[in-house]
Amino acid sequence: MLDKRTISALSYFSIFFGPVITPSIIWLSNKDKETTHHAKWALLTQTTFVIGMGIIILLYNYVPFSTNSADTVHFLSLATVFFIVVLNVTIILFNLIRGISCIVKHLEDNWARC
């Protein structure tokens, strides 16, 4: 059986193969307090990631992009996509760092316990 550090790391790394689904399963099926804490954080960040990707797909398919600042709607949609891409890259990096720290360190860090 996997130890709690590996399961916690798996909830963060699942952004690459099963975002939202894997942390939900880990959160609902595990009774360990620290593992469920990490699964909740992974679920929160991965839900934000999936919503951001959905907004990008919708904007990309339905709004033509323009860099002409006189065309405000198209310019704002391009700026929104840029912001969401930066946010999603940050979320991916956050999940990678937290997953690695779950494996390397003990789960006794209080960094995310606010």
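Structure's up top.
The structure displayed is predicted, hence computed values, not measured ones.

A. Layout of the overall build of the chain. Tallying secondary structure elements over the chain gives four helices and zero strands in all. Ordered by position from N to C terminus, the α and β elements of the chain give α-α-α-α. Out of the 114 residues in the chain, the part that is buried amounts to 37%. Nonlocal contacts in the chain, meaning residues at least 24 apart in sequence, comprise 64% of its contacts between residues at least 6 apart. Of the roughly 7,300 Å² of accessible surface on the chain, a fraction of 72% belongs to carbon and sulfur atoms.

B. Helix α4 (residues 72–104), seen in detail. Under the 1.5 Å per step criterion, the end-to-end length of α4 is 48 Å for 33 residues, consistent within 8% with the ideal 48 Å. All buried positions along α4 are accounted for by His 74, Ser 77, Val 81, Ile 84, Asn 88, Ile 91, Asn 95, Arg 98, Gly 99, Ser 101 and Cys 102. Tucked into the core, α4 has its buried residues touching α1 (4–13) and α3 (33–62).

C. Representation of the environment of Ile 15 within the structure. Mapped onto the secondary structure, Ile 15 falls in the loop between α1 and α2 (21–29). For Ile 15, a relative accessible area of 6% puts it in the buried group. Put simply, Ile 15 and Gln 46 are 31 residues apart on the chain and 6.3 Å apart in space, counted from C-alpha to C-alpha. Not counting residues up to four positions away in its chain, the partners in contact with Ile 15 are Gln 46, Phe 49, Ile 91, Ile 92 and Asn 95.

D. The arrangement of the packing of α3 against α4 in detail. Between α3 and α4, the least distance of the axes is 9 Å, while the angle of their chain directions is 155°. On the basis of the axis angle, α3 is roughly antiparallel to α4. Relative to α4, α3 is oriented so that their crossing is left-handed. When its residues are assigned to classes, the contact of α3 with α4 shows 15 nonpolar, nine polar and one charged.

E. Structural view of the side chain of Thr 35. With respect to the helices, strands and loops of the structure, Thr 35 is situated in helix α3. Separated by 2.9 Å, the side chains of Thr 35 and Asp 32 make a polar contact. Not counting the four nearest positions on each side in its chain, Thr 35 is found in contact with Lys 4, Ile 7, Ser 8, Ile 26 and Asn 30.

F. Molecular detail of α1. If you check which residues of α1 are buried, you get Ile 7, Ser 8, Ala 9, Ser 11 and Tyr 12. In this fold, the buried residues of α1 make contact with α2, α3 and α4.

The rules behind the values
- Residues numbered from 1 in each chain as written.
- Predicted model: local features only at pLDDT ≥ 70, side-chain atom pairs only at ≥ 80, totals over all residues.
- Heavy atoms only, no water.
- Helix = DSSP H or I, 4+ residues; strand = E, 2+ residues; numbered from the N terminus.
- Buried < 20%, exposed > 50% of the residue type's maximum accessible area, 1.4 Å probe, protein only.
- Contact = heavy atoms within 4.5 Å.
- Areas by Shrake-Rupley, 256 points an atom, 1.4 Å probe, with all protein chains shown as cover.
- Expected span 1.5 Å × (residues − 1).
- Axes fitted to C-alpha atoms, helices over the stretch in contact; angles between N-to-C directions.
- Parallel < 35°, antiparallel > 145°, perpendicular 65-115°, else oblique.
- Left-handed = near helix turned anticlockwise from the far one by under 90°.
- Nonpolar A, V, L, I, M, F, W, Y, C, P; charged D, E, K, R; others polar.
- Polar contact = N/O pair within 3.5 Å; in protein donor to acceptor, adjacent residues only side chain to side chain.

Function cannot be read off these values alone, since they describe shape.
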